[in-house]
Amino acid sequence: MGKLMKTLLAGACATGLLLTGVASHADEIRERTLRFAFQNVKEHPQGQGAQKFADLLGEKSGGKIKVRLFPGGTLGGDVQTVSALQGGTLDITVLNSGILAAQAPDYAMLDFPFLFNNVEEAHAVIDGPVGQKLAAQLDSKGLVGLGYWDLGFRNLTNSKHPVTKLEDLQGLKLRVIQSPIYLETFTALGANPVPMAFPEVYTGLEQHTIDGQENPYTVIEGNKFYEVQKYLSVTGHIFNPQSLIISQKTWNRLNDDEKAMIRAAAAEAQTYQREVTAASMDKAKATLAGAMTVNEITPAEKDRFRERVQPVIDKFAKSLDGDLVKMMYDEIAKVRAGQ
């Protein structure tokens, strides 16, 4: 065997992977089934990413590591699933990164309203040092970060009337994520925000215990909210990076080969999931346009929204790591300067 090939194989073995992505020490890969729960339906880009991760891990482990998917919030909302990961009764989940502020407060910065103008800005933040530093904060919280997926920009739906200006939000009872920054953002905008676990949203809309909700196009379409909502207002108020995380208790039971394999599958699934999300957005919007009354928010009106929520951003920024917040804004500025 040539010296170069020996060097390459030695490097591959050090990571627990051969160049093909299959385990180098198959006898060290133990049979196990990992439980992966998430909120959206299996057909949603979130679910497609989860299936891709499961398929990749199955291939890399020679079928020894299986992933059982629990879509549609069948094991509870995000708050419940994160708690289950910390307790070791669930292995993997993917969720809006900002929800992790309950464990690591600095994650709240990713949910600053009107923070990102486009996907490129978001990726510059989460794929760079900011995303790495945030993920590292999970290590002491019983969680391990495996990467970041995309959910997309969030928009408003409701059953009352189109939201074309700030005043149209006044008094609307809107379901929001169980996160303080969402509550304060929509309170500042004049709405009546209601924190609610995702599996309860459709019923809440159907029974009119809430007037509306806010989510990306693919979530609205995939969960058929158009059946119980009439108006869609394109606000793009928050972009949702999603965190793929694994239970630290599960992680600590894995050997180095298994960990490397899971990280490799997660990296490939991340690329795939982002591509699926990007491709699905226009299709979902077109479907919703045929089922709902859709309106855009003018740039001037969006500036009024931004002005109204700036005090919320300022308040949360003061309670977070100032250096990390600055780093985030610096990364965004670099992208904007190059556009």
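Residues numbered from 1 in each chain as written. Predicted model: local features only at pLDDT ≥ 70, side-chain atom pairs only at ≥ 80, totals over all residues. Heavy atoms only, no water.

Taking an unreviewed UniProt entry as the reference, the protein chain is identified by name as TRAP transporter substrate-binding protein belonging to Pseudomonas canavaninivorans.

Q: Report on the sheet that holds strand S5 (residues 155-158), specifying residues and quantitative values.
A: Judged by pairing direction, the sheet is mixed, and its 6 strands sit side by side in the order S7-S6-S8-S5-S9-S11 without closing on themselves. Two strands lie at the open edges of the sheet, namely strand S7 (192-195) and strand S11 (293-296), each paired on one side alone. Neighbouring strand axes in the sheet, compared pairwise and without regard to direction, differ in orientation by 25° on average. Bridge count for S5 against strand S9 (residues 231-234) is 3 bridges, and the pairing is antiparallel. Pairing of Leu156 across the sheet is with Ser233, part of S9. (Pairing = 2+ DSSP bridges. Helix = DSSP H or I, 4+ residues; strand = E, 2+ residues; numbered from the N terminus. Axes fitted to C-alpha atoms, helices over the stretch in contact; angles between N-to-C directions.)

Q: Any chance you could break down the packing of helix H4 (residues 119-126) against helix H12 (residues 322-338) for me, citing the residues and the numbers?
A: Close contact between H4 and H12 brings their axes to 9 Å; oriented N to C, the two are set at 135°. On the basis of their axis angle, the class for H4 and H12 is oblique. Crossing of H4 over H12 shows right-handed handedness. Contacts between H4 and H12 involve Glu120, Glu121, Ala124 and Val125 from the former and Met328, Glu331, Ile332, Val335 and Arg336 from the latter. Classifying every residue of the contact of H4 with H12 gives 5 nonpolar, no polar and 4 charged. (Parallel < 35°, antiparallel > 145°, perpendicular 65-115°, else oblique. Left-handed = near helix turned anticlockwise from the far one by under 90°. Contact = heavy atoms within 4.5 Å. Nonpolar A, V, L, I, M, F, W, Y, C, P; charged D, E, K, R; others polar.)

Q: So, the packing of helix H2 (residues 45-60) against helix H10 (residues 256-289): which residues are in play, and what are the values?
A: Where H2 meets H10, the closest approach of the two axes is 8 Å, and the angle between their N-to-C directions is 150°. Viewed along their axes, H2 and H10 adopt a mutual orientation that is roughly antiparallel. H2 and H10 meet at a crossing whose hand is right-handed. Here H2 contributes Pro45, Gln46, Gln48, Gly49, Lys52, Phe53, Leu56, Leu57 and Lys60 to the contact with H10, which in turn contributes Met261, Ile262, Ala264, Ala265, Ala266, Glu268, Ala269, Tyr272, Gln273, Val276, Thr277 and Ser280. When the residues that make up the contact of H2 with H10 are grouped by side-chain class, the tally is 12 nonpolar, 6 polar and 3 charged.

Q: Describe the nonpolar core, listing the residues and the values that go with them.
A: General note: in soluble globular proteins, nonpolar side chains tend to be found buried as a group. Core analysis: the largest hydrophobic core is formed by 54 residues, its most contacted members being Tyr107, Met109, Phe112, Leu169 and Met328. Here the element with the most residues in this core is helix H11 (residues 299-318); it accounts for 5 residues. Here Met109 is in contact with Leu115, Val130, Leu320, Leu324, Val325 and Met328, once residues within four sequence places are set aside. In this structure, Leu69, Val144, Leu254 and Ala269 belong to the second largest nonpolar core, which totals 26 residues. (Core = buried A, V, L, I, M, F, W, Y, C linked by side-chain atoms within 4.5 Å. Buried < 20%, exposed > 50% of the residue type's maximum accessible area, 1.4 Å probe, protein only.)

Q: Tell me about the environment of Ala317, and please be specific about residues and values.
A: Summarising the element assignment, Ala317 is placed in helix H11. Measuring from C-alpha to C-alpha, the distance between Ala317 and Ile65 comes to 41 Å, with 252 residues separating the pair along the chain.

Q: Go over H12, please, and point to the residues and values.
A: Note that an α-helix has 3.6 residues per turn; residues three or four places apart therefore point the same way. Compared with the 24 Å implied by 1.5 Å per residue over 17 residues, the 25 Å span of H12 between its first and last C-alpha is a close match. Buried residues of H12: Leu324, Val325, Met328, Glu331, Ile332 and Val335, and no others. All buried residues of H12 fall inside an arc of 120° around its axis, so they share one side. In H12, the exposed positions angled more than 90 degrees off the buried face are occupied by Asp323, Lys326, Lys334, Ala337 and Gly338. Where H12 starts, the residue carrying a side-chain oxygen 3.0 Å from the main-chain nitrogen of Asp323 turns out to be Asp321. (Expected span 1.5 Å × (residues − 1). Arc of directions from axis to C-beta. Polar contact = N/O pair within 3.5 Å; in protein donor to acceptor, adjacent residues only side chain to side chain.)

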